Structure formats: C-alpha cells, structure tokens
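The residues making up each chain are set out below.
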Amino acid sequence: MTNDILNQTVDTGLTAYQKCVEIAHNLWWSWHPDVVEIFRLVNPQRWRELGHNPIALLREYKPEEFEQVITDLAIHTRINVAYRHFKKYVGERPLWARQHAGVLASRPVAYFSLEFGIHESMPIYSGGLGVLAGDHVKSCSGMGVPLVAVGLFYDKGYFNQQIDANGNQVENYVDTDVANLPFEPALDKNGNKITIEVNTKSGPIYARVRRIRVGRVDLYLLDADLEENTAENRELTSTLYGGDQKRRILQELLCGVGGVRALTALGITPGVYHLNEGHNSFATLEAVRQKMVKSGMSFEAATRDVAQQTVFTTHTPVAAGHDYFEKSLVEQYLEPLYKALGLDLDSFMALGRKNPKDDDEKFCMTILGMKLSRYANAVSSLHGVVTRRMWKGLWPDKREEEAPIGHITNGVHVPTWMAPQIKSLFERSMPGWSEESIDPTIWSEVYDIDSGDLWETHCALKNRLFDFARRRVGRQLTRIGASAEAIEEAKHILDPNALTIGFARRFAEYKRAFLVVQDEEKFDQLVNNPDRPVQFIFAGKAHPADNIGKDVISRIVRVQRNPKFSRRVIFLEDYDINVARHLVQGVDVWLNNPRRPQEASGTSGQKAVLNGALNFSILDGWWAEAYDGSNGFAIGDGSTHVDSRVTDKRDGDALLDVLEHQVIPTYYDRNEHGLPIKWIRLMKNSIATLAWRFSSHRMVADYVQYAYMPAAGGLSVKMPR
Ligand SMILES: *Cc1c(COP(=O)(O)O)cnc(C)c1O
C-alpha cells in the first residue's frame, strides 16, 4: 500500500462499522489479505464458523458494539487504511486498460458463465470452470478492462460434501441466506428493479436481476425464485448442475437469452460477447433477434454481425462435458425464440448440428457457440490441437490445422491464490515486484530471495495447512461418531518433516485419483519409508450422478482408514475455494495425473506455483507447455496407449518411479543447515518461469489482444495456435 493512501486525511465522517459494511459489499475484500485479517480479528471463531462471510459477521453486531470491539482491538487505523485503499481502487481506471482496451469503454465485454467461483462465501460454482471465471473477472477488475459478467444465482448452490462412516460421499444442499450476500437490486434507468421475462411454449419464465460488485466489475445474476413463476420454475435456479436435461436447457435459456435481456434493460450495449463454455450460446441468438428488430436486418446478416462480436471459449475435450439437447426439448422450450428469428424447428436444429441435415443429431451448444462466433479458443496449446481435431467436421472444406480455433492458456489470479506470507516475503525481497506484474524479468528477482527465508515461509504455511487438516479430520470423525481414540489420533496425523503431496480436483474418472495407490505394495514402501516418508492429502467432489467418481473417493478413504496409512494419507471433505487455498499454499508438491489429453488446462497447479509448491504432473493441459525440465517434475513422456488400462498401468508405474528416483531424493537432500538447496532452486525456477505466464492478468491481456479488441472492431491480431 502506498504512503499517499496512508497520509490522506480526508474525513469521510463514516464510522468504522459503516466503512466495514461498505467494504463487505464489494468482493474486492476477498483478495486483500489485510482486509480479510480485519474481519478475522473481530471474531476469529465466528469468522470461521460463518464461512468467512463478512456480511454475516457484521450482522451479528449492533453498530455501537462493533465500535467497541474495534476500539478494544485498536484496529481503527487498519480499517481507515483499508477503506481509503478500497475507495481509491474503485474510483480509478488503470492505465493498462486505457492504453490497451480503449474502445471497450463505452461498449464493454459481456462475459457469460453458468458459474462464478469468487470466494467460498458465494457458493455459485462447482469447480475449475467457475473459479476460472472468477479469476477472469478479478483480473479484468485489476487491469480495468471494461467488462460486465452475467450468470445465475443458485440459492442452494452446489452440494456440500461429507464422507460417511462407510467411506461414501454424501451430498447436502444448503440454503444460502440471501441477506448475507452482497446483493443489490439491478435497476433500470428510471431506478426501477428489473425483472426479465423469457418465453417458452409452456409459458413465460421470470427472473429478477441481482447485482454484485467484484472490484470494478459488476456481476449480474438472474434468479428465478419469484412469485410470478410457477412452483416448478421457481426451482429453476435453485441448484447448479442439479436436475435433468429439461432443467438444464431452461437454465441455459434463462442465462443466455435472459442475460442479454437483462443487459438491455440496464442500458448496457455490449461491444463483445464472451461465452465461457457452450452453456451460454443462446445469448448470441437473443443478440441476433434484437439486431433484427432494431435494424430490420435479415437473420443471416444479423448472425454475421453478432458472430463478429462473439468470443467463444471451449473448456473440455471430454464428450460428456458438452451439452446435447433432444429435438423435443428444443421444440418445447425454444419455439418462441426460433419463431422470433424467422426460423422453423429444422433450420434451428441445424445451428446446433455438425451435419445440418442429419435428423439424428441432437442440438449441441458447443456447435452453436462455434458457429455463432468468429473467435473460438481452447484453453491450452495442446487442448487447441485436440479441439481442432474434435470439431474439424464443422468446416468440411478445411484441413484440421486450418479449423478456426486458437488457444489462450488459462491462468490464475495471483492476489487470490498467493499466501499473504509469500506476498510479504516477495515485497520485502524483490524491489520491483508486484502481484499484478506479468513481466518475466521482475519475477526473476525471486532468485535474489534468501533461500532460508523462502524455505521458512514455506514450512510455516505447511504447518498452517496441517492444523487445518487436523481440525477438519477431527470434526469429521466426531460427526460420524468415531471412537475417542480415533479423534485423539487425528491430532497427530501428518508429519511436518515429511514430503507432502497434494491432490485435489473433481473426482472424474479421467483425473485418476486412484493412480498413485494402484500398486499398493510399492505405495506402502514409499509412504512408510522410515527415513524418507511421503504423505498425501486428497480432496475433491464427485458429481452426484458420477458413480465411478464416487467409487474412487471411497477407494481413497479406504486407504486413509487403513491403520497402515492413517497418519500419512488424508482425504479432506468438501473441496471448495477455502480448502483449495489451504492446500495449494501448504503442500510441497502438487500432483496431477489425468489421462492425456483429457485435461484441457487445469489451473490448481498454477496456484501451487505461486506458493513455491512444485508441480508433479502428466504432460497434459497447461503442464505440457509449462514444463522445461527444471521447474518441476513430469510423469511419462506424453505417450498414450489405445487401451486405457495399459495407459493407466504405465502412467501409474512412471508416477511411482519419478517419485522414488527424482522427487523424494531431491526433497531429502539437505545441506549442513538442513536446507534442501536443490529443491529450493526448483521452487525458484518454478516461480520465475511460470508465475507470470500462468497468471490471469496475462490471460486477460491475451483475451484483450487476440479476441476482445478484434471483436470490438479494433486491430485484428491472429490468435496463437
Ligand atoms: C482451482 C480450482 C479448481 C480447478 O482445478 P483443476 O486443476 O483445473 O482441477 C477446482 N476447484 C476449486 C475449488 C479450485 O479452487
């Protein structure tokens, strides 16, 4: 924080309570550790129990009580500094955007996503796609890129995960108390609350529009829980990815078409439409319809115009990750839309088909997105190759390499994912460094950091993770009625001196959480080696309908409950942004072993980089372009076999082999001061070569240059292949 903020003496006349309330209503606080610390200090226990939600915390105090707490803690100055910092932040438009994204100022990017992972207290995300959207929005805020975000509000969110006494996943949906979320009603230009309406053959659906501020970016969330709706439609936005295909098509209709209508009602004219995954492709059709109405254009001409303004990002090479809808569903729910476009059912179905005339093909949202956008991208270089192969049939006259799909590799929001302790170490030791920087020479200053300081900081974070894990495991054991000994034993799990490997992600089969325990004998030897032990912390949810994924969870939990492993193999319940933050900040190694090439990018390993953890991964997704031989560890050589069992065997063997011969020896190789010098060198290589490249600021800069500016009519720069 710069001194001029500290030295300002503007008296706002607001109480500390009022300032905190104002700060709590902008998710800006969530990536500012100094501000988070203020809320925590007010009442550390309640802060934890309330899921790190500052509005819920503030609601527990009368203003005068709160002032007393602040006085007792002597944190008035901290609050004043935070408040001035906040006001300065929201009041200015950064230079970067003025220089690079000028034309977007009057006509912003409209960014559509079915989930947003911004903070654990806003449970409207399930995993990587949502967290990526959250990081995208935060970087746009930081860089000042004019963008409005559009999504749905799910009042029961995604499920909370518990593991029961039998080791099985149990899913609980919890009602979010809306009064605890930083919502403001979205108002039209006359100051009236906006309700939008979307028509279907079975009647209209209404939604209110809620606004949340994420730094300088406004996020608009549509919520169908309104009295005007039928009982069934009121449930439409209750959960994320719950329900059947009918619920799904209606959610996508509401978010896409309703989202564009909400922007119109707000008086916002987007210069660019960015579709984060195929779920929101209907947005383009509403934009086309509005153009036809407004300018009397034909469907074809309006479609060309909208496509020129549209950026489409695809996120998965796994077939089940793409939405396909039956013709009957399309007819039932989209008839008013296609009629308004002057189309009949067959010509509409053609927009979502590879072969427009094939009546057996369902309606694919990804295909619609590809057809209605001029700028389509995959999310890593390798994913680009796979995506062109997957969808080349859409361009029968083009060769595979010529398919118009480029790539922009995902990145993560540094201020969100870097531990405050690492941040202050960098601020002390790297004079030119700021968390916003994407300049490689600046990040190279990491080599000047005292190795002992870096190691000490890492070890402190590791201990913090272990405290967290012990607390969580203890809580779980208490809940399932475990014995007093077992609960006591949970206080002794995890050895601070042992090499600690984290594995946390969705438990989809292709992510293969089972790979490391496949050869249990070898696993036992490595984990329980008395001189050089290894321990694992797992976390992750399986989709409620994914029985294979659930079985994998049970398998890991069985390993954990085997007395041979119980101190060294831990499964943490309820993976969310909070658990992710503790894990990526505290482990020594971040493991990722998907079946290549099914991981489009992966981002959790990028978060680990920021905290000095080393990646240990299959050469897939972002790691295929990131690994250089001296910034982490690679499993296998990128080859695969047609039979996935053969691939799994080979990869599992390669994993344990690299672990035994590279990871473990390097970690335990200590100098006379007990420092793992070679390991620390790898940590520095990893930070210096990867942190800036896989930051979401770099990603957003790429989107601006290769997609947003060309789509808004600016200079056209060819997107990387
Ligand atoms: C970052 C993150 C993910 C995505 O991680 P992947 O490496 O892409 O699997 C998923 N869930 C949470 C909670 C995250 O923070």
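Worth saying up front: this structure is predicted, and the values here are computed from it rather than measured.

> Just to check I follow, could you spell out the environment of arginine 532 for this structure?
Position of arginine 532 among the secondary structure elements: in the loop between helix H23 (520-527) and strand S16 (534-539). In sequence terms arginine 532 and tyrosine 668 are 136 residues apart; their C-alpha atoms lie 6.9 Å from each other. What arginine 532 contacts, discounting residues up to four positions off in sequence, is Leu526, Ile664, Pro665 and Tyr668.

> Help me understand unusual backbone geometry in this model?
Where the residue is not glycine, phi is negative for most of them; where a peptide bond is considered, it is trans in most cases. Here the residue pair arginine 596 and proline 597 is connected by a cis peptide bond, since its omega of -5° sits within 30 degrees of zero. Mapped onto the elements of the fold, proline 597 is located in the loop between strand S18 (589-592) and helix H26 (604-610). The phi torsion at alanine 74 lies on the positive side, around 55°, for a residue other than glycine. Mapped onto the elements of the fold, alanine 74 is located in the loop between helix H6 (63-73) and helix H7 (76-91). Backbone geometry at glutamate 277 places phi at a positive 85°, although glycine is not the residue there. The residue glutamate 277 is located in the loop between strand S9 (272-276) and helix H12 (282-295) in this model. Looking at glutamate 277, the relative accessible area reads 4%, which means it is buried.

> Any chance you could explain the pattern of salt bridges here in plain terms?
Pairing between side chains of opposite charge can happen when the charged atoms of each approach one another. Within the structure shown, the criterion is met by 50 salt bridges. The closest approach of N and O atoms between arginine 645 and aspartate 643, which form a salt bridge, is 3.1 Å. Aspartate 643 sits in the partly exposed class, given a relative accessible area of 24%. The structure contains a network of salt bridges with shared partners spanning Glu509, Arg512, Arg595, Asp648 and Asp651.

> Looking at this structure, I do not really get the side chain of serine 113. What am I missing?
Relative to the helices and strands, serine 113 resides in the loop between strand S1 (109-112) and helix H9 (128-143). From its side chain, serine 113 meets the backbone oxygen of glutamate 115 in a polar contact 2.7 Å long.

> What exactly am I supposed to notice about the site of the ligand here?
In the vicinity of the ligand there are 14 residues, among which Lys511, Gly602, Thr603, Ser604 and Lys607 approach most closely. A distance of 3.2 Å separates an oxygen atom of the ligand from a polar backbone atom of threonine 603. At 2.5 Å, a side-chain N or O of serine 604 approaches an oxygen atom of the ligand. Contact with the protein chains covers 94% of the free accessible surface of the ligand, which is 390 Å².

> Would you mind showing me how to read empty space enclosed by the protein here?
Where empty space is left in the structure can be found by rolling a water-sized probe over the atoms. Evaluated as defined, the whole model comprises three cavities of 30 Å³ or more. Together, 14 residues line the largest cavity, and Asn592, Gly605, Asn615, Ser617 and Trp622 are the ones closest to its centre. Secondary structure elements with two or more residues in the lining of the largest cavity: S18, H26, strand S19 (614-618) and helix H27 (621-626). Taken together, the residues that form the lining of the largest cavity break down as three nonpolar, eight polar and three charged. Of the pockets and cavities examined, the second largest cavity occupies roughly 30 Å³. Lining the second largest cavity, in full, are Ala24, Leu27, Trp29, Asn53, Pro54, Ile55, Ser121, Asn180, Leu181 and Pro182. A class-by-class count of the residues in the lining of the second largest cavity yields seven nonpolar, three polar and no charged.

> How do you make sense of the environment of asparagine 611 when you look at a structure like this?
Note on placement: asparagine 611 falls in the loop between H26 and S19. For the pair asparagine 611 and arginine 248, spaced 363 residues apart in sequence, the C-alpha to C-alpha distance is 38 Å. In this view, asparagine 611 contacts Trp417, Met418, Ala419, Ile422, His458, Val584 and Gln585; residues no more than four positions away in its chain are not counted. Of the polar contacts made by the side chain of asparagine 611, one reaches the backbone nitrogen of alanine 419; its length is 2.7 Å.

> Sorry if this is basic, but what is going on with the packing of helix H28 (residues 644-668) against helix H29 (residues 677-690) here?
Angle between the axes and distance between the axes: these two values describe a pair of packed helices. The N-to-C vectors of H28 and H29 enclose an angle of 110°; their axes lie 6 Å apart at closest approach. Considering their axes alone, H28 and H29 lie roughly perpendicular with respect to each other. Two secondary-structure elements touch here, H28 through Val663, Thr666 and Tyr667 and H29 through Lys678, Trp679 and Leu682. The residue makeup of the contact of H28 with H29, split by class, is four nonpolar, one polar and one charged.

> Looking at this structure, how should I read the nonpolar core?
The nonpolar side chains of soluble globular proteins are, as a tendency, buried together. Among the nonpolar cores identified, the biggest contains 138 residues, and Phe39, Leu254, Phe282, Val330, Phe348, Phe363 and Tyr708 are the most heavily contacted of them. Apart from the residues lying within four places of it in its own chain, the contact partners of tyrosine 708 are Leu104, Val109, Tyr111, His136, Val145, Leu147, Val272, His274, Val311 and Tyr703. Core analysis: the second largest hydrophobic core is formed by 102 residues, Ala498, Phe514, Phe536 and Val589 among them.

> Help me out: how do you make sense of the sheet that holds S18 in this one?
Sheet strands pair by backbone hydrogen bonding; their relative direction is either parallel or antiparallel. Strand order in the open sheet formed by six strands is S17-S16-S15-S18-S19-S20, with parallel pairing between adjacent strands. A single partner strand is all that each edge strand has here, and the edge strands are strand S17 (569-572) and strand S20 (633-635). For this sheet, the mean inter-axis angle between neighbouring strands, taken without regard to orientation, is 20°. In this structure, S19 lies alongside S20, joined through three bridges in parallel fashion. Bridge pairing in S20 links isoleucine 618 to isoleucine 635. Against the sheet, helix H24 (residues 547-561) engages S16 and S17, with an angle of about 135° to S17.

> What's the story with helix H19 (residues 420-429) in this structure? I'm lost.
Within H19 the residues assigned to the buried category are Ile422, Lys423, Leu425 and Phe426. When H19 is viewed along its axis, its buried side chains cluster within an angular range of 160° and face the same direction. Among the structural elements, helix H20 (440-443), helix H21 (451-479), H26 and H29 are those in contact with the buried residues of H19.

Procedures and definitions
Residues numbered from 1 in each chain as written. Predicted model: local features only at pLDDT ≥ 70, side-chain atom pairs only at ≥ 80, totals over all residues. Heavy atoms only, no water. Helix = DSSP H or I, 4+ residues; strand = E, 2+ residues; numbered from the N terminus. Contact = heavy atoms within 4.5 Å. Buried < 20%, exposed > 50% of the residue type's maximum accessible area, 1.4 Å probe, protein only. Salt bridge = Lys/Arg side-chain N within 4 Å of Asp/Glu carboxyl O. Polar contact = N/O pair within 3.5 Å; in protein donor to acceptor, adjacent residues only side chain to side chain. Near = heavy atom within 4 Å. Areas by Shrake-Rupley, 256 points an atom, 1.4 Å probe, with all protein chains shown as cover. 1 Å grid on protein atoms, 1.4 Å probe; cavity = no way out; pocket = protein on both sides within 12 Å on 5 of 7 lines; lining within 4 Å. Points joined across faces, edges and corners; volume = space filled by probe spheres on them. Nonpolar A, V, L, I, M, F, W, Y, C, P; charged D, E, K, R; others polar. Axes fitted to C-alpha atoms, helices over the stretch in contact; angles between N-to-C directions. Parallel < 35°, antiparallel > 145°, perpendicular 65-115°, else oblique. Core = buried A, V, L, I, M, F, W, Y, C linked by side-chain atoms within 4.5 Å. Pairing = 2+ DSSP bridges. Arc of directions from axis to C-beta.

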